[in-house]
Amino acid sequence: LVARRRRTSCYFYPRAWPSLRSADWWERVVLKEFGPRDWLEKFRMSKETFFYVCNRLRPGLAPHSAHFHPTLPLEKRVAVALWHLATNVEYQTLSPLVGVGPSTVQTCVREVSYAIVLLLKPLYLRAPSEKELENMVRIFRTRWGFPHCIGALDSLHIAIHPPLRLSADYCNGQGWHSVLTQATVDGLGQFWDVCTAFPGSMENSAVLESSSLWVLAKEGRLCPNPPKHFMGKAQKYVLLGDATYPLQDWILKPYQEDQQLSQRQLQFNYRLKRAHSVIENAFLRLKARWQILLKCDDCSLELLPTLVLACCILHNVCEAHDDPFNEEWLEGT
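Conventions used here
- Residues numbered from 1 in each chain as written.
- Predicted model: local features only at pLDDT ≥ 70, side-chain atom pairs only at ≥ 80, totals over all residues.
- Heavy atoms only, no water.
- Helix = DSSP H or I, 4+ residues; strand = E, 2+ residues; numbered from the N terminus.
- Expected span 1.5 Å × (residues − 1).
- Buried < 20%, exposed > 50% of the residue type's maximum accessible area, 1.4 Å probe, protein only.
- Arc of directions from axis to C-beta.
- Contact = heavy atoms within 4.5 Å.
- Domains from an automatic or database assignment.
- Buried area = accessible area lost by both parts, 1.4 Å probe.
- Salt bridge = Lys/Arg side-chain N within 4 Å of Asp/Glu carboxyl O.
- Polar contact = N/O pair within 3.5 Å; in protein donor to acceptor, adjacent residues only side chain to side chain.
- 1 Å grid on protein atoms, 1.4 Å probe; cavity = no way out; pocket = protein on both sides within 12 Å on 5 of 7 lines; lining within 4 Å.
- Points joined across faces, edges and corners; volume = space filled by probe spheres on them.
- Nonpolar A, V, L, I, M, F, W, Y, C, P; charged D, E, K, R; others polar.
- Bend = angle between axes of the 7 residues up to and from the residue.
- UniProt positions renumbered as here; feature names shortened; annotations may be inferred.
- Axes fitted to C-alpha atoms, helices over the stretch in contact; angles between N-to-C directions.
- Left-handed = near helix turned anticlockwise from the far one by under 90°.
- Parallel < 35°, antiparallel > 145°, perpendicular 65-115°, else oblique.

Enquirer: What is the right way to look at helix H8 (residues 130–144) in this model?
Expert: One turn of the α-helix equals 3.6 residues, which is why residues spaced by three or four share an orientation. Taking 1.5 Å per residue as the helical rise, H8 with its 15 residues ought to reach 21 Å, and the 21 Å between its terminal C-alpha atoms agrees with that figure. Considered for burial, the residues of H8 that qualify are Leu133, Met136, Val137, Ile139, Phe140 and Trp144. Down the axis of H8, the smallest arc covering the buried residues is 165 degrees, so these residues share one side. Of the residues in H8, the exposed ones pointing more than 90 degrees away from the buried face are Lys131 and Thr142. Its buried side turned inward, H8 meets strand E1 (149–160), strand E2 (178–185), strand E3 (191–199) and helix H11 (263–289). Just past H8, the residue Gly145 takes up positive phi, approximately 70 degrees.

Enquirer: Can you help me understand the domain arrangement of the chain in this one?
Expert: Quite often, the size of an interface is put as the accessible area lost when its parts meet. Taken domain by domain, the chain holds domain 1 (24–123) and domain 2 (125–289). For domain 1 versus domain 2, the separation of C-alpha centres amounts to 32 Å. Each partner contributes residues to the interface: domain 1 has six residues there, and domain 2 has four residues. Both sides together, the interface formed by domain 1 and domain 2 hides about 420 Å², and carbon and sulfur atoms give 34% of it. In this assembly, domain 1 and domain 2 are joined by zero salt bridges. On inspection of domain 1 and its partner domain 2, the count reaches three residue pairs in polar contact (both at pLDDT 80 or more). For the side of domain 1 that touches domain 2, the element with the most residues is helix H7 (residues 102–124), which contributes four residues.

Enquirer: Please explain empty space enclosed by the protein as it appears in this structure.
Expert: The method is simple in principle: a probe with the dimensions of a water molecule rolls over the atoms, and the space it marks as empty is what remains. Per the stated rule, a full pass over the model turns up two cavities of 30 Å³ or more. Estimates place the volume of the second largest cavity at around 50 Å³. In terms of lining, the second largest cavity is formed by Ala217, Gly220, Leu222, Cys223, Lys236, Tyr237 and Trp250. Among the residues forming the lining of the second largest cavity, the class breakdown is five nonpolar, one polar and one charged.

Enquirer: I'm lost on H11 in this one. Help?
Expert: Taking 1.5 Å per residue, 27 residues should reach 39 Å; H11 reaches 39 Å between its end C-alpha atoms and fits that length. Along its length, H11 reaches its greatest deviation from straightness, about 25 degrees, at His276.

Enquirer: How should I be thinking about the UniProt feature "domain: DDE Tnp4" (unreviewed entry) in the chain in this particular structure?
Expert: Following the UniProt record, the feature "domain: DDE Tnp4" (unreviewed entry) maps to residues 153–316 here. For residues 153–316, helix accounts for 32% and strand for 22%, while the C-alpha atoms at its two ends are 16 Å apart.

Enquirer: Would you explain the packing of helix H4 (residues 47–57) against helix H5 (residues 74–87) in this entry?
Expert: When two helices pack together, their arrangement is given by the angle between their axes and by how far apart the axes lie. Where H4 meets H5, the closest approach of the two axes is 10 Å, and the angle between their N-to-C directions is 115 degrees. Our pair here, H4 against H5, has a crossing hand that is right-handed. Residues Phe50, Phe51, Cys54 and Leu57 of H4 pack against Leu74, Glu75, Val78, Ala79 and Leu82 of H5. Its residues assigned to classes, the contact of H4 with H5 comprises eight nonpolar, no polar and one charged.

Enquirer: Explain the packing of helix H6 (residues 91–98) against H7 to me, please; I cannot follow it from the model alone.
Expert: Interhelical geometry of H6 versus H7 gives an angle of 100 degrees and a closest axis separation of 8 Å. If you check the angle between H6 and H7, you find them roughly perpendicular. Two secondary-structure elements touch here, H6 through Tyr91, Gln92, Leu94, Ser95 and Val98 and H7 through Pro102, Val105, Gln106 and Val109. Residues that form the contact of H6 with H7 fall into these classes: six nonpolar, three polar and no charged.

Enquirer: How do you make sense of unusual backbone geometry when you look at a structure like this?
Expert: For residues besides glycine, phi is generally negative; the peptide bonds are generally trans as well. The backbone of His148 sits at a positive phi, close to 60 degrees, despite the residue not being glycine. Within the secondary structure, His148 sits in the loop between H8 and E1. Residue class for His148 comes out buried when judged on its relative accessible area of 7%. In the Ramachandran plot, Asp322 falls in the positive-phi region, its phi being about 55 degrees despite a non-glycine side chain. Its place among the elements puts Asp322 in the segment after helix H12 (304–320). According to the relative accessible area criterion, Asp322 is exposed, its value standing at 66%.

Quick look at the structure:
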């Protein structure tokens, strides 16, 4: 009885503290030891572009304090988020590397992604002006040999873990679960229209008719009013799609190759597919640079649309600033 009283009379138990983390990772390692290659590998952009992004995001990332943690510097929060988006390293794995808890890593990814969409989308992902449309036509004509064209249209499947009750909706034609993203790029491979969060089972034509791009086209905001003259007629600017898209007066698709085609039709298909490859290359570079898009394991379906938009915007930022692209990243895709 005496022994039992002695065992139960102590109501305070010492707490088992976790192993010490590298709290000075940002100040001691990144700022002092990272070279140009390290910035590219961890954050997929140059040091100059990184701090440009931080300055642009400053109004939307007000300081805040987490439980038992001092306020993280804005630059460190952006660095944690970009590292996760670039490498797709899990929160639990990234946490000890950057010296914060897994929940803090998750918070950084969420808040930085929202800030990117809020503050950078109006600058880097928006419907083009009339002058910009004319420049797009010039680039497609000179670089890709296709006239009167303002963009290439295609879709991208992003692998996910679907909700159990909606598993069938997110199963695509290849038998795996995905979220579908429709995107349009200019002749330089930069995105100017992105719609995402569609279930993977949807057809491209159905996605198109549910997108903001369809609304823009039906309202006549994809070309000047009146339309520019081409081959002696006033004709709308066109987008280039593959065989899965419906033929419209503003969407061109290749002739079906299961029928006998003339030489001119074969030449048309060749030129269209060559010009359409600009978006295929853009998707490759997007996934290679931001490998979170290869498989979103740690991301909820509610956050996924914001995360996809943030990656497309960051892609445009890097392309606009001529940041180097490491061809080795393509091996991961």
